[in-house]
Amino acid sequence: MIKNALSGNPSPSRPNPIPGCPMAAAFAAIGGKWKLTLLYWLAHGECHFAGLRRRGAPITPKVLAEQLRELEADGLVERVETGPVPAPVIYRLTPYGRTVLPVVEHVRAWGEAHLEHTHAETVPGEAMSCAAAIA
């Protein structure tokens, strides 16, 4: 756990699991079950933790917090405290985080094609929807 993320202090970047390997660095930063989805949702606007939690119903609060901490540690997401505790915390993409959006959009578009290719059912409803392209 990265304790600096909890206190609002800038988090140190996480080490690359295979030093010098760009693929390992990319997967460490945006790999994980929910990171691309979180980046996609945050591309459409900043959101409180509770809002992300409601939107991502199958994500447990523990995993959501871990994924957000890792995205923050890698400089892709920033955590903005709106006042003294227990004020809500807002999460938003950093300018550096916006640089990964073309990758997120390509993965989303490929996933859409994959759903069609495999004749998979899509889940109706706004909460889990990832159908809209990132502008």
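Residues numbered from 1 in each chain as written. Predicted model: local features only at pLDDT ≥ 70, side-chain atom pairs only at ≥ 80, totals over all residues. Heavy atoms only, no water.

The name an unreviewed UniProt entry gives the protein chain is DNA-binding HxlR family transcriptional regulator, with Jiangella mangrovi as the organism.

K.L.:
Mind showing me how you'd approach the overall build of the protein chain here?
P.N.:
In terms of helices and strands, the protein chain carries 7 helices and 3 strands. Reading the helices (α) and strands (β) of the protein chain from amino to carboxyl end gives α-α-α-β-α-α-β-β-α-α. For the protein chain, the residues scored as buried account for 32% of the 135 residues in total. By element, 63% of the accessible surface of the protein chain is carried by carbon and sulfur atoms, the whole surface being about 8400 Å². (Helix = DSSP H or I, 4+ residues; strand = E, 2+ residues; numbered from the N terminus. Buried < 20%, exposed > 50% of the residue type's maximum accessible area, 1.4 Å probe, protein only. Areas by Shrake-Rupley, 256 points an atom, 1.4 Å probe, with all protein chains shown as cover.)

K.L.:
Whenever I open this one, helix 5 (residues 61-73) confuses me. Can you help?
P.N.:
Think of an α-helix as turning once every 3.6 residues; residues three or four places apart then point the same way. Compared with an ideal rise of 1.5 Å per residue, which puts 13 residues at 18 Å, helix 5 spans 18 Å between its outermost C-alpha atoms and is within 8% of the ideal. Taken as a whole, helix 5 has its buried residues at L64, A65, Q67, L68, R69, L71, E72 and A73. Backbone geometry just downstream of helix 5 places G75 in the positive-phi region, at approximately 80 degrees. (Expected span 1.5 Å × (residues − 1).)

K.L.:
How do you make sense of the pairing of strand 3 (residues 89-93) when you look at a structure like this?
P.N.:
Remember that side chains alternate between the two faces of the sheet whenever the strand is regular. Most of strand 3 sits inside the fold, with 4 of its 5 residues counted as buried. Where strand 2 (residues 77-81) lies against strand 3, 5 bridges are found, and the strand directions are antiparallel. Within strand 3, the residue paired with V80 across the bridge is I90. (Pairing = 2+ DSSP bridges.)

K.L.:
Is there a simple way to think about the nonpolar core in this case?
P.N.:
L38, L39, L52, L76, V77, Y91 and L93 are the most contacted members of the largest nonpolar core, which has 23 residues in total. When residues of this core are assigned to their parent elements, the largest contribution, 6 residues, is made by helix 3 (residues 35-43). Residues in contact with L52, not counting those within four places in the same chain, are L38, W41, L42, C47, L64, L68 and Y91. (Core = buried A, V, L, I, M, F, W, Y, C linked by side-chain atoms within 4.5 Å. Contact = heavy atoms within 4.5 Å.)

K.L.:
How should the pattern of salt bridges be read in this particular structure?
P.N.:
A pair can form between side chains of opposite charge whenever their charged atoms are brought close. Within this structure, the stated rule accounts for 7 salt bridges. Here K62 makes a salt bridge to E66, at a shortest N to O gap of 3.0 Å. Of the two residues, K62 and E66 both sit in helix 5, 4 residues apart, roughly one turn of that helix. Assessed through its relative accessible area of 58%, K62 is described here as exposed. A relative accessible area of 30% places E66 in the partly exposed class. One salt bridge connects E81 with R79, and the closest N-O pair in it is separated by 3.0 Å. (Salt bridge = Lys/Arg side-chain N within 4 Å of Asp/Glu carboxyl O.)

K.L.:
Can you help me understand the sheet that holds strand 1 (residues 47-48) in this one?
P.N.:
If you walk across this open sheet you meet the 3 strands as 1-3-2, and the pairing is antiparallel. Only two strands of the sheet have a single partner each, and these edge strands are strand 1 and strand 2. In terms of strand pairing, strand 1 meets strand 3 through 2 bridges, oriented antiparallel. Looking across to strand 3, one finds that H48 is bridged to I90.

K.L.:
Can you walk me through the packing of helix 3 against helix 5 in this structure?
P.N.:
A pair of packed helices is captured by two measures, namely the crossing angle of their axes and the spacing between those axes. Axis separation between helix 3 and helix 5 bottoms out at 10 Å; the angle between their running directions is 75 degrees. Taken together, the axis directions place helix 3 and helix 5 in an arrangement best described as roughly perpendicular. Contact residues: helix 3 offers K35, L38 and L39, while helix 5 offers L64, Q67, L68, E70 and L71. Class assignment of the residues belonging to the contact of helix 3 with helix 5 gives a composition of 5 nonpolar, 1 polar and 2 charged. (Axes fitted to C-alpha atoms, helices over the stretch in contact; angles between N-to-C directions. Parallel < 35°, antiparallel > 145°, perpendicular 65-115°, else oblique. Nonpolar A, V, L, I, M, F, W, Y, C, P; charged D, E, K, R; others polar.)

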